[in-house]
Amino acid sequence: MSDAISDTFAQQLQQMRSELLARIRAQRGGRLGRAEVAEDPHTLQSGDLNQAYGERDLEQALSERETAELRAIDEALARIAAGTFGLCVDCGAEIPAARLHAAPTTLRCLACQARYEREHPSATPSL
């Protein structure tokens, strides 16, 4: 992949990273922190108990998703730096640019991704 194309994807990934971090900050602004969310729910009014559990579970799910998304972006940026960005991690073939533009964190070509999803049905699909 040429340096100009790599630079384009690096800019796209950096933009995605900045937007994700801004979204995380906005979601956390004014909301309960992890310590408050983890507070003993038995100290809450009985009507608030289910809401507290639900908020804690949602917060944890969002945090895990955001962490995975941030990790995927950072790994894609590392592949650009290493010169392996755009190459399928399974077969080594070049991943089409259209696929990379749609999902710049993708690891596999379409054929290998389809095979991966068949072999790992419980795995989260990666475009």
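Cut-offs used in this document
Residues numbered from 1 in each chain as written. Predicted model: local features only at pLDDT ≥ 70, side-chain atom pairs only at ≥ 80, totals over all residues. Heavy atoms only, no water. UniProt positions renumbered as here; feature names shortened; annotations may be inferred. Helix = DSSP H or I, 4+ residues; strand = E, 2+ residues; numbered from the N terminus. Phe/Tyr/Trp six-rings, centres within 6.5 Å; stacked < 30°, edge-to-face > 60°. Buried < 20%, exposed > 50% of the residue type's maximum accessible area, 1.4 Å probe, protein only. Lys NZ or Arg CZ within 6 Å of the ring centre and 35° of its normal. Disulfide = S-S within 2.5 Å. Salt bridge = Lys/Arg side-chain N within 4 Å of Asp/Glu carboxyl O. pLDDT = per-residue confidence, 0-100.

### Quick notes on the UniProt feature "domain: Zinc finger DksA/TraR C4-type" (unreviewed entry) in the protein chain
Part 1 of the argument: UniProt tags residues 83–118 as "domain: Zinc finger DksA/TraR C4-type" (unreviewed entry).
Part 2 of the argument: In the segment residues 83–118, helix accounts for 42% and strand for 0%; the C-alpha atoms at its two ends are 29 Å apart.

### Comments concerning the UniProt feature "zinc finger region: dksA C4-type" (unreviewed entry) in the protein chain
Part 1 of the argument: UniProt's feature table lists "zinc finger region: dksA C4-type" (unreviewed entry) at residues 88–112, given in the numbering used throughout.
Part 2 of the argument: Regarding residues 88–112, the helix share stands at 36% and the strand share at 0%, and the terminal C-alpha atoms are separated by 8 Å.

### With respect to the packing of aromatic side chains
Part 1 of the argument: With the rule as written, the count across this model stands at one aromatic pair.
Part 2 of the argument: Plain terms: the ring middles of Phe9 and Phe85 are 5.1 Å apart, the flat faces sit at 50° to each other, and that makes the pair tilted. Residue Phe9 is found in helix H1 (residues 3–28), and its partner Phe85 is found in the loop between helix H3 (46–82) and helix H4 (97–102); the two are separated by 76 residues along the sequence.
Part 3 of the argument: Among the residues examined, Phe9 registers a relative accessible area of 1% and is labelled buried.
Part 4 of the argument: Over the face of the ring belonging to Tyr116 we find Arg108, whose NZ or CZ atom lies 3.8 Å from the ring centre.

### Considerations on the state of the cysteines
Part 1 of the argument: Under the counting rule described, the total for this entry stands at zero disulfides.
Part 2 of the argument: Its sulfur unpaired, Cys91 is 3.7 Å from the next cysteine sulfur, which belongs to Cys112.
Part 3 of the argument: For Cys91, a relative accessible area of 47% translates into the label partly exposed.
Part 4 of the argument: Of all cysteine sulfurs, the one in Cys112 lies closest to Cys109, which takes part in no disulfide; the gap is 3.6 Å.
Part 5 of the argument: When its relative accessible area of 11% is taken as the criterion, Cys109 is described as buried.

### Describing the side chain of Glu66
Part 1 of the argument: As for its placement among the helices and strands, Glu66 is situated in helix H3.
Part 2 of the argument: Judged by its relative accessible area of 6%, Glu66 is buried.

### Overview of the pattern of salt bridges
Part 1 of the argument: Tallying each qualifying case throughout the model produces three salt bridges.
Part 2 of the argument: Note that Glu69 is salt-bridged to Arg23, the shortest N-O span being 3.4 Å. Residue Glu69 is found in helix H3, and its partner Arg23 is found in helix H1; the two are separated by 46 residues along the sequence.
Part 3 of the argument: Between Arg108 and Asp90 there is a salt bridge whose closest N-O contact spans 2.9 Å. Of this pair, Arg108 sits in the loop between H4 and helix H5 (110–119) while Asp90 sits in the loop between H3 and H4; the two residues are 18 residues apart in sequence, bridging distant segments of the chain.
Part 4 of the argument: The class for Asp90 is partly exposed, based on a relative accessible area of 40%.

### Let's talk about the confidence of the model for the protein chain
Part 1 of the argument: Here the protein chain shows a mean pLDDT of 80. Residues at 70 or above account for 69%.
Part 2 of the argument: For the protein chain, per-element mean pLDDT is lowest for helix H2 (residues 34–37), which scores 47, and highest for H5, which scores 95.

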